[in-house]
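Tertiary structure, described
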Amino acid sequence: MSSQHHRDNRRDTLDAPSHRQSTTAAGQMTSPSRPAPQPAAPPPLCQAAPSHQAAPAHQAAQADQAAPAHQTTPSDHQATPADQAAPAHQTALSGHQATPAHQAVPLRPVVVSRRPAARQTAPTASLNRRQRERDLAELADGAVVDVLVIGGGVTGAGVALDAASRGLSVALVEAHDLAFGTSRWSSKLVHGGLRYLASGDLALAAESARERAVLLSTVAPHLVRPLPMLLPLADGFPTAAALAADAGLRVADVLRRAAGTPRTVLPGRRRLTAVEARHMVPALRAAGLRGGLLTWDGQLVDDARLVVAIARTATRHGARVITRCRVREADGSGATAVDTLSNSLLTLKSRCVVNATGVWAGELCADARLRPSRGTHLVVADSALAGLRTAILIPVPGERNRYVFALPQPGGRVYVGITDVPVDTVVDVPVPTAAEVDFLLGVLSSVLAVPVGRADVLGAFAGLRPLLAGAAGRTADLSRRHAVITSSDGMVTVVGGKLTTYRRMAADAVDTLVRAGELDAGPCRTRHLPLVGAASWSRLATVAAPPRLVARYGAEAPAVIAGAHGDPGLLAPLCDGVEVTGAELLFALRHEGALDADDLLDRRTRIGLVPADRQAALPTAEALVRQPLTVVDD
């Protein structure tokens, strides 16, 4: 091996970012009447409104208390971002047809024998093209892993991390990119299950509250923030329905306390006067407004970033994460796959296989019976809602367990969702319909002083939920629980569920493998395992980087800046109306597994949610991708 190769390997990893103390000012939420309770948390994702700047007084593990002495705390990890790991996404699958460009090239078979899966290089948290080539080469050289995970969404990434953190050898393969499918199309909420309470599923709501507590306190406090949510008591919302909603919020507050999340992190529910409600959400229509119900929930800075962080953390624990690797067939002992970049055929051998392909699970497991539904969101400018900083929760007329949300986002955007439309055909990228757009705008505008119209819509996106088939007539009434299925050939399939409970789903899948006697591994460790970049909120407040970067990268934010080597062009926004910088794209290419401009714009950042922004940023993204990796690493 040449010395240059050694240097390149070192550049694949992240140096520990430096941290220096800095003074921060925290505003307090104000109200014309009684002040609403404030969480002891870092500044929320939308920082423009003083009413949402909270003091960074949160401790690292409030919900779980202190982690056992042998466990790692978030602050232990923030100084070593390269030491954290990575998964893949649950959407892409084996049953998809290869693209025409790949069909024309003959497949070159590579047979993998059953030899021990010893790694030839020390694991790091960096994912990039060079790492992918090394991992593929090791598998082609005969590595046999304990667990082969198919699917690079939040579930597959979670399974990879769970298994790798137990000391098992793991390979994760994904047909497209990390977070390519359902996992990037969520409402970006880590929620306590209010909808499940409305459906009478107390157990699922309690599980959601527990998993939310784990994410807020230990696993991803850098990616999850408290979000105030207001349910307006407006005309058309009957008093009986308001009482029922208030009762549900009270139960949710009991579940919050039972999960160990204190009021300093998520304040309890509260009834507001009409004046207080309009102070929280100035866009509300005053006529007929009786007041509002205020609650708090968890909000992700970005669902795709969560997936990438899980995947990189799995990589740190030794997992091999390989995107652009489409599985054609699989059973309990391995899979046949195609490297879609080289069009090479690979026979992957493993002791166990987990099918975590979401809505495509049925293509590998005939026992997985799903009823997918499409959920659509709109992207609007926050100026259309008078600078919205508090989420709006609007009951759908005539429904007992459906709501439309208006969710403030970083960068002056608001996501409006979500629909629940059954679908018969599963596609890679679902497209919202005109009827869904009109439905969302209609419900939202029913409580606003100035209606939001089609001209205010900057973009739209839709994803498919992998719901378990059941007796319910509507997909909206189907359970959001998950199931772990073991096929006759030994393959384990995990389906259903939701983003908030990904960790529980992953643990159940790996526990199933262990109980079957196939693997020698201890219990799940991920409850006390921080993701790459994680740190306590109090420590994140001292990270020497802009708040926007800290909210997206946590303790790794200084490393993002350092990667630009002081180049002002890389530290400036890519284009007008977009806050993302070239340094962030470089970081994605070097450490987050991005391989092309689509990965950069649609998943490592979310620029692509607004088509006009995507078009403006595309030339810069393509130029960075065209650079040789050795140049990018310099």
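What counts, and at which threshold
- Residues numbered from 1 in each chain as written.
- Predicted model: local features only at pLDDT ≥ 70, side-chain atom pairs only at ≥ 80, totals over all residues.
- Heavy atoms only, no water.
- Helix = DSSP H or I, 4+ residues; strand = E, 2+ residues; numbered from the N terminus.
- Buried < 20%, exposed > 50% of the residue type's maximum accessible area, 1.4 Å probe, protein only.
- Phe/Tyr/Trp six-rings, centres within 6.5 Å; stacked < 30°, edge-to-face > 60°.
- Salt bridge = Lys/Arg side-chain N within 4 Å of Asp/Glu carboxyl O.
- Expected span 1.5 Å × (residues − 1).
- Polar contact = N/O pair within 3.5 Å; in protein donor to acceptor, adjacent residues only side chain to side chain.
- pLDDT = per-residue confidence, 0-100.
- Contact = heavy atoms within 4.5 Å.
- Pairing = 2+ DSSP bridges.

Our next topic: the overall build of the protein chain. Across its full length, the protein chain carries 20 helices and 20 strands. Burial analysis of the protein chain (634 residues in total) assigns 62% to the buried set.

Glancing now at the packing of aromatic side chains. Within the structure shown, the criterion is met by three aromatic pairs. With centroids separated by 5.7 Å and ring planes inclined at 25°, the aromatic side chains of Trp-185 and Phe-461 adopt a geometry described as stacked. Residue Trp-185 is located in the loop between strand 4 (170-173) and strand 5 (189-190), and its partner Phe-461 is located in strand 18 (residues 457-465); the two are separated by 276 residues in the primary sequence. According to the relative accessible area criterion, Trp-185 is buried, its value standing at 10%. We classify Phe-461 as buried; its relative accessible area is 3%. Relative to Phe-587, the ring of Tyr-553 lies with its centre 5.5 Å away and its plane at 80°, an arrangement referred to as edge-to-face.

Once that is clear, we can look at the environment of Val-254. Inspection of the secondary structure puts Val-254 in helix 8 (residues 239-258). Overall, the relative accessible area of 43% leaves Val-254 in the partly exposed class. Taking the C-alpha atoms as reference points, Val-254 and Ala-209, 45 residues apart in sequence, are found 9.8 Å from one another.

A few words now on the pattern of salt bridges. Side chains carrying opposite charge are able to pair once their charged atoms draw close together. Counted according to the given criterion, the structure contains 36 salt bridges. With its nearest N and O atoms 2.6 Å apart, the salt bridge here joins Asp-598 to Arg-614. Pair noted here: Asp-598 is in helix 18 (residues 597-604) and Arg-614 is in helix 19 (residues 611-626), with a separation of 16 residues, a long-range link. In this structure, the salt-bridge partner of Arg-614 is Asp-602, at a minimum N-O distance of 2.9 Å. Pair noted here: Arg-614 is in helix 19 and Asp-602 is in helix 18, with a separation of twelve residues, a long-range link.

For helix 10 (residues 303-316), spanning 14 residues, the distance from its first C-alpha to its last is 20 Å, which sits close to the expected 20 Å at 1.5 Å a residue. Within helix 10, 13 of the 14 residues are buried, which leaves the element mostly enclosed by the surrounding structure. Regarding helix 10, its N-cap is Asp-302, as a side-chain oxygen of that residue lies 3.1 Å from the backbone nitrogen of Ala-304 further along. After helix 10 finishes, the residue Gly-318 shows a positive phi value of roughly 105°.

Here the protein chain shows a mean pLDDT of 83. Residues at 70 or above account for 78%. The model gives residues 47-116 a pLDDT under 50, and that stretch makes 283 contacts with residues more than four places away or in other chains. The low-confidence segment residues 471-479, where pLDDT is below 50, has 27 contacts with residues more than four positions distant or belonging to other chains.

What follows concerns unusual backbone geometry. Between Gly-417 and Ile-418 the backbone carries a cis peptide bond, its omega angle lying at 15°. Structurally, Ile-418 can be placed in the loop between strand 16 (413-417) and strand 17 (421-422). Even without being a glycine, Ala-179 presents a positive backbone phi close to 60°. Along the chain, Ala-179 turns up in the loop between strand 4 and strand 5. With a phi angle near 55°, Arg-324 is a residue other than glycine that sits in the positive phi range. Here Arg-324 shows up in the loop between strand 9 (320-322) and strand 10 (325-331).

A word on helix 4 (residues 129-140). With twelve residues, helix 4 extends 16 Å from end C-alpha to end C-alpha; this agrees with the ideal 16 Å at 1.5 Å per step. When helix 4 is considered as a whole, its buried residues turn out to be Arg-130, Gln-131, Arg-132, Asp-135, Leu-136, Glu-138 and Leu-139. Just past helix 4, the residue Gly-142 takes up positive phi, approximately 120°.

Moving on, we come to the pairing of strand 8 (residues 291-300). Strand 8 sits mainly inside the fold: ten of its ten residues count as buried. Of the pairings in the sheet, the one linking strand 6 (residues 224-233) to strand 8 comprises ten bridges and is antiparallel in character. Each residue of the ladder has a partner; that of Pro-226, found in strand 8, is Gly-298. Bridge count between strand 7 (residues 270-272) and strand 8: three bridges; the pairing is antiparallel. Bridge pairing in strand 8 links Leu-272 to Gly-292.

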